[in-house]
Amino acid sequence: MWQKLGRFILKYRLPLLLILAGLSVFMAYHASKVELSYDFSRAIPINNPKYKAYQEFRKKFGEDGNLLVIGIQTDKLFTEKIFNAYASLQRSLKKVKGVDDVIGIPTAINLVKIPETEKLKADTIFSDRALTQAEIDTGAAVFLNLPFYQHLLYNPSTHAWMMGVRINRDLMASKDRIGIVHTIGNLADEFGKENNLIVYKSGLPHIRTELSVRIVKEMRMFIFASILLSALILLLFFRSLSAMWLSLTVVMLGVIWSFATIQMMGYKISILNALIPPLIVVIGIPNCIYFLNKFHTSYNETGDKKKSLVMMVDRMGVVTLFCNLAAAIGFAVFALTQSQILKEFGIVAGINIIALFFISLIFIPAVLSFLPAPKSRHTRYLENPGLKRWLDRLERWSLNHRKFIYGISILIVAVSITGIFKLKTLGYIVDDLPKTDKLYTDLRFFESNFKGVMPLEIVVDTKEKRGVSRNFNNLIRIDSLSKFLSTIPDIARPLSITEGLKFAKQAFFDGDSNSYSMPSEFDLPALSQYLSMKGDSGNLTNSFAKLVATFMDSEKQQARISVSMADVGSKRLPKILDSITTRVDQLFPKGKYNVQLTGTSVTFLEGSRYIINGLKDSIIWAFILIAFCMLYLFRSARILICSLIPNIIPLLITAGIMGWTGIPLKPSTVLVFSVALGIAIDVTIRFLVNYKQELPRNNFDMKKTVIDTIHSTGISIIYTSMVLIAGFVIFCFSGFDGTKALGWLTSLTLVTATFTNLVLLPAILISFVKMKK
């Protein structure tokens, strides 16, 4: 079959190349339209109850993750120069296109009682103009006497001050967000530079935008670096520019097709599928090396270029097909998970790895048929004396030291399994950033001074119309829950409708800060107008009216308690949520009330669970599917067992090292195992297929066949392993710790897989496999 296919490709080489070129032009057109994803909530299935609750919350109360925060730390904020500059910054931020509102000290309001009418009026504390020092001092005295703003806009003990910039939710989901966030950042940095202050920026809009920009930069860097590195290695191996350009063209076509697939399937570039194009380069180069290696060895045997090309397709077609199929399975199993972001990654990667096989199968023999026959310098690498000496050593170890090899393997596996029991699962919303990164240190500033910026929302449904505004008992319950939240170390002071009522009560008692407390049942009627936002004092298009509006739904049946919290990680967050749930059940009996915990913090935890569990399941599926492929290819259960052992051990070693070194299981590290299995099994397939092909030629002499296989496939296995390892090492230069881990852990797995397949596998074959004539 494969011989006929080889002849067919050579006979119709020109039409096939034209079809491939036409398809590639079509793919390039779609690749040019690919867009960047700005949606970070796709880890959860859309039918998940927590996802539905979050979407319902966003529909009723608006976006919870569109507040960008700017912080400074100084005891001189209320000096004339700095305060006027700070106020000017807020005015400039308000003018930025896409900014809905800016919350800050210069525009802070105070509720003032009008003696004649006994009504409350909302007034700004600081006038909207350049102020004198005396005016600033007067305003500062009023502002610092309002407990409402403490630990929301400032921390009195650390002299830290915060400004919040609310960005339009529609623009947050578009590419315009990059320009908006960068403009805000530039204005803030300019203020800091002029006033010799360090400016801290955080909040989900800033974090997500910065991560998106870095993803694109790294994707471009990795594609360029992987192509450049591959070019150097190919030139070093083959000493031929034509072989180098032939291989690079194959992988560049693969990259174009991968971008096109993302666009044609309606996906966008995310933090995960941004890894696919450089992975295509890393996986595609070994295809080229194996095809070229077999072409060169066949040409050395026959001296006939056309016959050598047919032999190349015949010998390497089925091998490369199953190698790519195994690699595709290693990625495609992610499509079986319930996480949308993993599904996209698995589908796109799986499709394009198989597409890469067909590109290689058509392009390489067709183009080689037009090129001159290889010269002696092009095939000199086949006689590499250094590699031959290494292969001789591997042969001696496999033949003469099998017991030692088994003993060392068992010892390493035992140590690795001990390390596996030390593995822990841990993830963060802002994960994988170096501890010295500005994005990370700025987040820590807000966590140490304001207890964090990650949104957690609690929605209390009273199941009665006006059950919030006209039921004093419900307000007391909401305030009790808010007080409980305030006692949790990693949660900032909550904001709810009751905080607005406390603010109003303080104003009624002539601004006495001691009166900042929950009003009594007798005080509530006097304050009810501020819950309805009507009347003289309710006719306010100001921050207080907006504040009240955001903490109740339109029917005043549901109340919202909004808090910011630290990025505590997936280990501590469930404990915090469980403690909140316990208190909720005490205050709001089930049946009478319906209370939902939602927001970005909750969806992150649920998403992490789905990704981790999905990745664990994907490893099992990868083993099962790859095992079926191996069983179909070799039709032998013994060969199947022999093939899996050298690939399970490297994964155990990698998992053990993670356990011993304290590297946690998280989305970026669990990804390693399925990817590495799919790629490492390639070496086993190539070794065993060659073993099976050579066995009849050696009269079923297993020992001689193993020796011949080590020498015939060893060079190409070592070369391709070097390419793969070098390709994954590139990821170690990432700015994300998770991508770095993917790089060095996968490289480690491939190094150990190369040794187990060239040392342990031959030893197992000689010891246990009995082939019949």
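In this text, all values refer to a predicted model and were calculated from it rather than measured experimentally. (Residues numbered from 1 in each chain as written. Predicted model: local features only at pLDDT ≥ 70, side-chain atom pairs only at ≥ 80, totals over all residues. Heavy atoms only, no water.)

A. Broad picture of the overall build of the protein. Scanning the protein for helices and strands turns up 25 helices and ten strands. Overall size of the protein, expressed as C-alpha extent along the three principal axes, is 110 × 50 × 45 Å. Classification of the 773 residues of the protein by burial places 59% in the buried group. Here the analysis covers contacts within the protein between residues at least 6 apart in sequence; of these, 79% occur between residues at least 24 apart. Accessible surface, the protein: about 32700 Å² in total, of which carbon and sulfur atoms supply 60%. Of the charged side chains in the protein, 87 are positive and 57 negative; the average position of the first set lies 13 Å away from that of the second. (Helix = DSSP H or I, 4+ residues; strand = E, 2+ residues; numbered from the N terminus. Buried < 20%, exposed > 50% of the residue type's maximum accessible area, 1.4 Å probe, protein only. Contact = heavy atoms within 4.5 Å. Areas by Shrake-Rupley, 256 points an atom, 1.4 Å probe, with all protein chains shown as cover. Lys, Arg positive; Asp, Glu negative; His and termini not counted. Charge placed at Lys NZ, Arg CZ, Asp CG, Glu CD.)

B. Representation of the pattern of salt bridges in the model. Within the structure shown, the criterion is met by 14 salt bridges. One salt bridge in this structure joins D442 and K438, with 2.8 Å as the shortest N-O distance. Of this pair, D442 and K438 both sit in helix α15 (residues 438-450), four residues apart, which is roughly one turn of that helix. Judged by its relative accessible area of 2%, D442 is buried. Here R560 makes a salt bridge to E457, at a shortest N to O gap of 2.9 Å. Of this pair, R560 sits in strand β9 (residues 558-565) while E457 sits in strand β8 (residues 454-461); the two residues are 103 residues apart in sequence, bridging distant segments of the chain. For the residue pair R560 and E457, the accessibility class agrees, reading buried in each case. Several salt bridges share partner residues, and in doing so they unite D479, K483, R493, E499 and K502 into one network. (Salt bridge = Lys/Arg side-chain N within 4 Å of Asp/Glu carboxyl O.)

C. The arrangement of the packing of aromatic side chains in detail. Inspection of every chain in the model, using the stated rule, returns 23 aromatic pairs. A ring pair is formed by F78 and F126, whose centres lie 6.3 Å apart and whose planes are at 20°; its orientation type is stacked. Here F126 lies in the loop between β4 (119-124) and α5 (133-143) and F78 lies in the loop between β1 (67-73) and α4 (80-94), a separation of 48 residues in the sequence. Taking the relative accessible area as the measure of exposure, F78 reaches 14% and is therefore buried. Taking the relative accessible area as the measure of exposure, F126 reaches 3% and is therefore buried. Plain terms: the ring middles of F222 and F731 are 4.9 Å apart, the flat faces sit at 75° to each other, and that makes the pair edge-to-face. On the criterion of sequence distance, the pair formed by F222 in helix α8 (residues 204-238) and F731 in the loop between α24 (702-729) and α25 (737-768) is long-range, its members being 509 residues apart. Both residues of the pair, F222 and F731, count as buried. An aromatic cluster is defined as three or more aromatic residues linked by ring pairs; in this entry it consists of F78, F83, F126, F143, F148, Y149, Y154, W161 and F503. (Phe/Tyr/Trp six-rings, centres within 6.5 Å; stacked < 30°, edge-to-face > 60°.)

D. Structural context of the sheet that holds β9. Read across the open sheet, the three strands follow the order β9-β8-β10; overall the sheet is antiparallel. Both outer strands of the open sheet, β9 and β10 (594-598), are each paired with one neighbouring strand and no more. Across the sheet, the mean angle separating the axes of adjacent strands is 15° when strand polarity is ignored. Helix-sheet contacts for helix α20 (residues 573-587) involve β8, β9 and β10, and the interaxial angle to β10 is about 165°. Across the sheet, helix α21 (residues 600-634) lies against β8, β9 and β10, angled at about 105° from β8, the strand it touches most. (Pairing = 2+ DSSP bridges. Axes fitted to C-alpha atoms, helices over the stretch in contact; angles between N-to-C directions.)

E. Representation of the nonpolar core in the model. Among the nonpolar cores identified, the biggest contains 257 residues, and F78, I105, Y149, I580 and I685 are the most heavily contacted of them. If one sorts the elements of this core by residue count, helix α23 (residues 667-697) sits on top with 17 residues. Each residue touching I580, except ones within four places of it in the same chain, is listed here: L456, I458, F484, L485, I488, I491 and L597. (Core = buried A, V, L, I, M, F, W, Y, C linked by side-chain atoms within 4.5 Å.)

F. Molecular detail of a positive patch on the surface. Taken together, the side chains of K422, K424, K571 and K575 define a basic patch exposed on the protein surface. Tracing the chain through its elements places K422 in the loop between α14 (402-420) and α15. (Patch = residues over 30% accessible without salt bridge, like charges linked within 9 Å, V, L, I, M, F, W, Y side chains within 5 Å.)

G. Structural context of the packing of helix α7 (residues 176-194) against α8. It is the contact of α7 with α8, at a shortest axis distance of 10 Å, that shows an interaxial angle of 115°. As for how α7 packs across α8, the hand of that crossing is left-handed. Here α7 contributes R177, I178, V181 and H182 to the contact with α8, which in turn contributes L204, P205, H206, R208, T209, E210 and V213. (Left-handed = near helix turned anticlockwise from the far one by under 90°.)

H. A look at unusual backbone geometry. With a phi angle near 65°, H151 is a residue other than glycine that sits in the positive phi range. Within the element layout of this structure, H151 appears in the loop between α5 and β5 (154-155). Residues other than glycine seldom take positive phi values, yet D510 does so here, at roughly 60°. Mapped onto the elements, D510 comes out in the loop between α17 (497-508) and α18 (524-532). Looking at D510, the relative accessible area reads 68%, which means it is exposed.

I. Representation of the environment of A373 in the model. With respect to the element layout, A373 can be found in the loop between α12 (340-370) and α13 (385-400). Owing to a relative accessible area of 31%, A373 belongs among the partly exposed residues under this scheme. Note: C-alpha distance between A373 and K305 (68 residues apart in sequence) is 6.1 Å. When sequence neighbours within four positions are dropped, the list of residues in contact with A373 reads Y299 and K305.

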